[in-house]
Structures are given as C-alpha cells and as structure tokens.
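# Per-entry structural report
Single-letter residue listing:
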Amino acid sequence: MILSALISPLFYSAVIINLAAVLAMAAPSSAHNTHRADIPVNYGMVLFPGFQALDVFGPLDILNTLSFTYPIHLSLIASTLDPVTTRTTRSSPGSNFSESVVPTHTFANPPKDLEVLFVPGGLGTRAPEPALLDVIAYIKETYPSLRYIVSVCTGATLLARAGILDGKRATTNKKAWGEVTPLGPNVKWVPVARWVEDGNIWTSSGVSAGIDATFAWVSAVYGEAVAADAANGLEYERHTDPSWDPFAAIWGVPGSSSSS
Ligand SMILES: *[C@@H]1O[C@H](CO)[C@@H](O)[C@H](O)[C@H]1NC(C)=O
C-alpha cells in the first residue's frame, strides 16, 4: 500500500507542488528577492506652504522610478486641496520664484491604509506654529498605524513636535541645527549623520540628504539591487555611509569636529 503510493505519479506530482509552495514562501527572504512579497503599497507625502522642493521631489522621483515596476499608490496630503507653494515670507518681495503642488487629500480627510509617510522640511517648518498644527497633529495620529516614516531636512522638527522622536535618535539640517533642534528637547539629535534610522523612523540631514536616505530605505525594504538600479537609472551617485557628513563641520554643529 505505502510502496504503491510512493511510486505512483500522483505522489510525485504532489511532492513537486508542495516543493513549489515551499519555495514560493521562501522566496521573499532570499538574497535576490528581499521582502518582495511584503513591500509597501500606500505612500503619502505631506505638504505645507514653504516646503523645500527637493525634499519632496528627491524622494518622490526615486519612488516614481519604483512605480514603473511596482504597483504603488501616492497620496499628497495638505491642509486644503488648494495648490501648496514653496514660497515663504523670506522670499524677496521682487521675486515670485516658487512652485506649487496639487494635493490629493487633506489632513481632515486623509488616505486610508497609509504605510509609508514622507515629511519634507523647508522654511515653512519655521512658520508660526498655528500654521503647522494640523500637519503636526496628523503625523501624531497617523504614525502608530504606519510601517515607516521618513523625514527630510527640517521635516524632523515636525516629527519632534508630534512627539514621535522622544527618546529616539534623529538628525536634521546642519545649517539650521541651532535654530531647529531646540524644537525637539527630548530627541537624541545626532550631530554628524547623513541620515539616522531608529526603528521605523528615518530622518535625514539637509535637503539633498533625503535622496541618500530614501535610497538607503529602498535598499532596506526592496533590496540593494532595486536601490542600485534606481540610482543608476537616475544617474545619481549615492552616499551609502550614514555617517558621511561634511556639513556638520561646515556649519559648526556642536559635537562635530569643527566645534569646540
Ligand atoms: C512670475 O511673474 C511673471 C511676470 O508677472 C509671470 O509671468 C510668472 O507666471 C510668475 N510666476 C509664478 C510662479 O507665479
């Protein structure tokens, strides 16, 4: 009885099917296919007046590239559905140099099932706080259900004011260090860092550092091959060492080599 089962073709096909199922389950954790079955689908970017353009479009253009391969969704979330401008009160009166982005959602009516939230910085993060209360409140209430949050530049101060960086390691823009780190008195600010990863919170240094941080995040979540392919497609030379940071010394950040 057992012997006949062993040699029956049906038995062998069952073994092959089971083997295929086992291999399919194992595939996501294999070196060539990191986390592929578990990659995020729903991305969000918050916007507020005076956001820094590259803080938004550096990370987004990397994700734009990923969207050629992966079915991912983007929500652009702001106070209202009106276009949000990069213009700030510090713009010279004779200049109208600015760009606007059209949101898809508001903080009052945000997207459901968001998995990854990006938070840009910019001079707008230093606006009088009433203008920022809704974005700070949104970060605070959304963070617990997120898989990842990634801030660029002074976007870290919005995370700090939402309370989600308390006791965590984080970094921010080095030129603005003295002005913005007091906004997060309970944050373990890292003075020399291109970016910092603490749990599911990624914070990057100033502006262009958001590109390196996003590539590092893509490498961690999608696998290094995907990050390298996207960087080569964008012809971008990455800094892959999170402690690479000449700007801390240039701006005299306390704790960097140039500070006393
Ligand atoms: C800036 O002003 C010029 C001249 O009035 C106008 O043509 C242009 O559309 C303005 N640009 C923006 C971004 O508002």
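A short tour of the structure in this document, coming up. Residue positions are given per chain, counted from 1 along the sequence in the order it is written. Predicted model: local features are reported for residues with pLDDT of at least 70 only, side-chain atom pairs are reported and counted for 80 or more only, and whole-chain, interface and lining totals are derived from all residues. Hydrogens are left out, water is left out, and the side-chain values use all remaining heavy atoms of the structure.

## Observations regarding a nonpolar patch on the surface
Which entries qualify depends on this criterion: In this analysis, a patch consists of residues with relative accessible area above 30% that form no salt bridge, clustered at 9 Å for like charges and at 5 Å for the nonpolar side chains Val, Leu, Ile, Met, Phe, Trp and Tyr. Accessible areas in this description were obtained via Shrake-Rupley with a 1.4 Å probe; residue shielding takes into account the shown protein chains only. Only one rule defines a salt bridge in this text: a Lys or Arg side-chain nitrogen within 4 Å of an Asp or Glu carboxyl oxygen. Think of it in three bands: with a 1.4 Å probe and only protein chains considered, a residue is buried below 20% of the maximum accessible area for its type, exposed above 50%, and partly exposed in between.
A cluster of nonpolar side chains, Trp244, Phe247, Ile250 and Trp251, forms an exposed patch at the surface whose accessible area comes to about 400 Å². With a relative accessible area of 30%, Trp244 lands in the partly exposed category.

## A look at the packing of aromatic side chains
Working definition: an aromatic ring pair is given by the centre-to-centre distance plus the angle between the planes. As a reminder, the rule being used: What counts as a ring pair is set by centres within 6.5 Å for rings of Phe, Tyr and Trp (its six-membered ring), and what kind of pair is set by the plane angle: stacked under 30 degrees, edge-to-face over 60, tilted for all other angles. Starting at the N terminus, helices and strands are each numbered in turn, a helix being any DSSP run of H or I of at least four residues and a strand any DSSP run of E of at least two.
By the definition in use, this model includes nine aromatic pairs. Taking the centre distance of 6.0 Å and the plane angle of 85° together, the rings of Tyr43 and Trp217 count as edge-to-face. Taken together, the residues Tyr43 in strand β1 (residues 42–46) and Trp217 in helix α7 (residues 209–222) connect sequence positions 174 residues apart. On the basis of relative accessible area, Tyr43 is assigned to the buried category, the value being 2%. Residue class for Trp217 comes out buried when judged on its relative accessible area of 0%.

## Describing the pairing of β1
Put simply, the rule is: The pairing criterion for strands is at least two bridges between them, as found by DSSP.
Most of β1 is tucked away, with five of its five residues classed as buried. Alternating residues of β1 divide into Asn42, Gly44 and Val46 and Tyr43 and Met45, and every residue in both groups is buried. Where β1 and strand β2 (residues 73–78) come together, five bridges link them in parallel fashion. Residue pairing in the sheet places Asn42 in a bridge with His73 of β2.

## A word on unusual backbone geometry
At Cys153, a position not held by glycine, the phi torsion is positive, near 60°. Here Cys153 is to be found in the loop between β7 (148–151) and α5 (155–161). Residue classification places Cys153 among the buried residues on the basis of a relative accessible area of 3%. One non-glycine residue, Val207, lies in the positive phi region at around 40°. Secondary-structure assignment places Val207 in the loop between β11 (201–204) and α7.

## Thoughts on the sheet that holds strand β6 (residues 116–119)
Operational definition: Whether two residues are in contact is decided by their heavy atoms: any pair within 4.5 Å suffices. Note on geometry: axes are C-alpha line fits, over the in-contact stretch for helices, and angles between N-to-C directions span 0 to 180 degrees.
Strand order in this open sheet of seven strands is β5-β2-β1-β6-β7-β11-β10, and the pairing throughout is mixed. Lying at the two open borders of the sheet, with one neighbouring strand each, are β5 (105–106) and β10 (195–198). Across the face of the sheet, helix α3 (residues 53–66) comes into contact with β1, β2 and β6 while running at roughly 165° to β1.

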